[in-house]
Amino acid sequence: MSFVECRALERTYTRGDNTITPLRALDLEIEQGTFLALMGPSGSGKTTLLNLLAGIDRPSSGELRIDGQEITTLSRAALARWRSVAVGYVFQLYHLVPVLTAYENVELPLLLHDLSRKERHRRTALTLELVGLADRHDHYPRQLSGGQEQRVAIARALVTDPQLILADEPTGDLDAEAAKGIMTLLAALHRDLGKTLVMVTHDPKTATFADLTLHLEKGRLVSPATVGADAPAEGGA
Amino acid sequence: MIRFAPLVTKRLVRQPLRTLLTVVGVAVAMFLYCVVEATQAGVTRATAVVAGDSVLVVYRENRYCPFTSRLPQHYQPRIAQIPGVAHVVPMKILVSNCRASLDVVTFRGVPEQDFLETTLPDFEIVAGSAEAWSHRSDAALVGDALASRRGIKVGDRFSAAGITVYVAAIGRTDELQSRNAAYTHLAFLQEAAQRGGTGGVVTQFNVTVSDPERLDAIAQAIDAEFAADSEPTFTQPEKAFVGRAATDVVEIVGFARWLGWGALAAVFALVANAIVLAINERVREYAILETLGFTGATIAGLIVAEGALLGLLGGGAGAVGAFALLSLQTYSVSMEGVHVEVSAGPSLLLSGLVASIVLSVLAGAVPALRVARGDLAGAFRT
C-alpha cells in the first residue's frame, strides 16, 4: 500500500454558468519518503491537488487515502484534527500570523497537542534551530526577510513532526538566492528526516531538488502515476 | 481552550490602538448605561410602594409644593385617634429650591418629643449628639447624604432657604428622604418660615400605621375626616407621595431608559464592528489556522473570546468608573422637597459587567460562526 493513494480523483466546481474541472479522474500513488515536484501551467490543477491532499478542499468524486486513512469521508473538524498530526503545509506567501513572533508562530500548531509548556518550548526551539533561525525567535514577521519568513513557515510545518509536508510554490515569492537557500533546506529536511514532501512549483530549477517531477495539464497527469524511491526519476538535486 | 488564551490576549495587546479605541467606546457606553440604571434604581427605591411600607404622608389637597401645602398643626390629635394610626409627626418642610435640582436642602421641622420618639431611632448618630439637638432651638440633625454632599460638619452653621441652623448632629440612616434632609425643631422652622408670623401651621403629617396592609384604608379615613374642613387633605403612602411630587424627575428618568438601551446597543455595535472588521482582515489567517489543525469550533471560540475580552475590559472600565463616581459622591435629584438618590451598589457593577460580556459574546458569535462555516479553500483564493 502506498503512502498516498489517489483513485479517480476529480474536483469540479461551478462559477457562474461555467463548470470548471481543475482535476480530472486522477490516479496517483506516492511512496513514503518521496520528494515529489508537481509542475504545470497555471490552471493545470497543481494547487487543487495539493489542497485535496491536505484536506483543505474536498474532491467531487474519487478516493484519497493517506497513510491508510481515507480522508474524503472525514468531517471538517476531523480533517482539521488529522492535519494537526499528519500534515505540514508551507504556503507561497508564508502566511505567518503578523502579531506573533517567529517563536510563537512555530509554537502555534503545538498548542493543539497535549504537551507541557516545557515540551512545547523544547520542540519549538529545536525546530527553529533546524531551519537556522534560533537567533530570530523574538522577531515579528515584519522584521524578517522573505527567506527568513519562509524558514519560519517551514519550521511551523515541521514542528509537529508530520509525515507529509506539502509546499505550494515555496520559493515563488523569493529572489534567486533566498529560493536556493529554502530549497536546500527542504531537500536536507527530506533527506535527513525522511519526510514525504509534495511541492508545487512553476520553476524547473526548483523542481530539480525533488526526487521526481510530475507534470499536470488540464487536470490530468502527463507523467508516470506511481512515484517513489525506486521509480525512475525525471530530476533530482 | 484555556491554552489558547494567550493567543487572544496577545492579539489585543499587540494591536493597542484598535483595542484602546474599542475599549474606550465600550467603556463610555457602559458608563452611561450604569448611570441610567442607577438613576432608575433610585427612582424605583424612592417611589415603588412595597409590602411592609407603613408610612403615610398627609398633604394639603390639590397642593404639590411645600410652600403651598399649609395644614393646621391641630389636625395631629384628630389623625392620631383614627383607628390603625400608630404615630403622627407634624412636619414643616422648607426647601432651598422647589424645582428639580441636583442640590436641594430640605429642612424638616418636627416637635422635639416626636423627634426623639419617632425620628431619632431611625438614625445612627455618627457625629455630635441628640442632646446637643435638644439643647439648642436652632439645632439641626443633618442626614449623612446631605452632609456629605455639602461638606457639613458638626459645629458648623449653614444657611439655606433663608434660614441658618446650627449642626448639632450628623446621622446615618437607610431612610432615603431622611438621608437628604436636615431635621430642626418644628417651632424654629415655623417661626423662621413665617418670619415671626403664625405658628401652628405645618406642611404635612407623617403618619405611621400599625398594620401596613391597612395603609390605603387608613389614608381614606384620614381624608374623610378632613373632607369638610377648610383645609382638606390628600393622604397617600410615602413612596407614592414621592412619585407624585417628583413626577417630572420620574418622567425624565423614564425617558432615560431609552438612553440606557441605546448605550447597550452601542456596546453591541462597537464590539460587533471591531470583530467584523478584524475578521474581514483575517479571513486568510483563520484559514491558515484551520490548515494547521485548528477546528472551526476552536477558531470560533477564539473570535468569541476576543469579543468577550473587549467587552469585559470596556464594560469593566465603564461599570467600575460609574460605580466609583456614584460611590464616592452622593447624587440626589430633588423636587418639591422629596429626593431621588442616584447610588450604585455591587449589583450595578455586576450587572454592567454581565451585560457587556453577554452582548460582546453575542456580537462575536455570528461572525465567528460565519468564519467557522466558511469555504476553507476559497479563503486562500480571496
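Note that the structure is a prediction, hence the values are computed from the model and not measured. Just so you know, the residues in each chain are numbered from 1, in the order the chain's sequence is written. Whichever chain is written first becomes A and whichever ligand is written first becomes 1, with later ones labelled in order. For a predicted model such as this one, the threshold for reporting local features is a pLDDT of at least 70, and the threshold for listing and counting side-chain atom pairs is 80 or more; totals across whole chains, interfaces and linings nevertheless cover every residue. Only heavy atoms go into the side-chain values, all of them from the structure, while hydrogens and water stay out.

Asker: Explain the sheet that holds strand β6 (residues 87–90) of chain A here, please?
Answerer: Backbone-to-backbone hydrogen bonds join strands into a sheet, with any given pair of strands oriented parallel or antiparallel. Residue and element names in this part refer to chain A. Only strands that DSSP links by at least two bridges are regarded as paired with each other. The helix count covers DSSP runs of H or I at least four residues long, the strand count covers runs of E at least two residues long, and both are numbered beginning at the N terminus. Spatially, β6-β7-β8-β3-β9-β10 is the arrangement adopted by the six strands of the open sheet, whose pairing is mixed. The two strands at the open ends of the sheet, each matched to only one other strand, are β6 and β10 (220–221). As paired strands, strand β7 (residues 164–168) and strand β8 (residues 196–200) are joined by five bridges and run parallel to one another. Counted as the bridge partner of Asp168 is Val200 from β8. Working rule for contacts: check all heavy atoms of both residues, and any pair within 4.5 Å makes them a contact. Axis geometry follows a simple rule: fit a line to the C-alpha atoms, using only the stretch in contact for helices, then measure angles between N-to-C directions, giving values from 0 to 180 degrees. The sheet strands contacting helix α1 (residues 46–54) are β3 (35–39), β6, β7, β8 and β9 (212–217), and the helix crosses β7 at an angle near 150°. Relative to β6, helix α5 (residues 146–158) is tilted by about 170°, and along the sheet it contacts β6 and β7.

Asker: Even after reading the chapter, I still don't get the interface of chain A and chain B, so can you show me in this structure?
Answerer: Think of interface size as the accessible area that goes away when the parts come together; that is how it is often given. Opposite the 27 residues of chain A that make contact, chain B presents 25 residues. Summing both sides of the interface, chain A and chain B together bury roughly 2400 Å²; the carbon and sulfur share of this comes to 62%. Within this document, salt bridges are pairs made up of a side-chain nitrogen of Lys or Arg and a carboxyl oxygen of Asp or Glu, the two lying within 4 Å of each other. Inspection of the region where chain A meets chain B yields three salt bridges. For A:Glu104, the salt bridge is made with B:Lys10, and the minimal N-O distance between the two is 3.2 Å. Polar contacts here mean pairs of N or O atoms no more than 3.5 Å apart (in protein, one a potential hydrogen donor and the other a potential acceptor; neighbouring residues in sequence count only if both atoms are side-chain atoms). One can count eleven residue pairs in polar contact (both at pLDDT 80 or more) joining chain A with chain B. With six residues, helix α2 (residues 76–86) of chain A is the largest single contributor of residues to the side of chain A that touches chain B. Residue type decides the class: Asp, Glu, Lys and Arg count as charged, Ala, Val, Leu, Ile, Met, Phe, Trp, Tyr, Cys and Pro as nonpolar, and the leftover types, Gly among them, as polar. In terms of residue class, the side of chain A that touches chain B is made up of 15 nonpolar, four polar and eight charged. Accessible-area loss on putting two parts together, using a 1.4 Å probe and summing over both, is the definition of buried area adopted here.

Asker: Can you walk me through the domain arrangement of chain B in this structure?
Answerer: Either an automatic procedure or a domain database provided the assignment from which the domain bounds are taken. Looking at the assigned domains, one finds that chain B contains domain 1 (2–46 + 248–381) and domain 2 (62–231). Summarising the inter-unit geometry, the C-alpha centres of domain 1 of chain B and domain 2 of chain B are found 45 Å apart.

Asker: Would you mind going over the pattern of salt bridges with me for this structure?
Answerer: Oppositely charged side chains can form a pair if their charged atoms are brought close together. Residues and elements named next belong to chain A. Inspection of the entire model under this criterion finds 23 salt bridges over all chains. Across the salt bridge formed by Arg7 and Glu5, the nearest N and O atoms sit 3.8 Å from each other. For each residue, the accessible area found with a 1.4 Å probe, counting protein chains only, is set against the maximum for its type, and the residue is called buried under 20%, exposed over 50%, and partly exposed in between. The exposure class of Glu5 is buried, given its relative accessible area of 12%. A salt bridge links Arg122 to Glu119, with the shortest nitrogen-to-oxygen separation between them at 2.9 Å. Placement of both Arg122 and Glu119 in helix α4 (residues 117–130) is noted, with a separation of three residues, approximately one turn of the helix.

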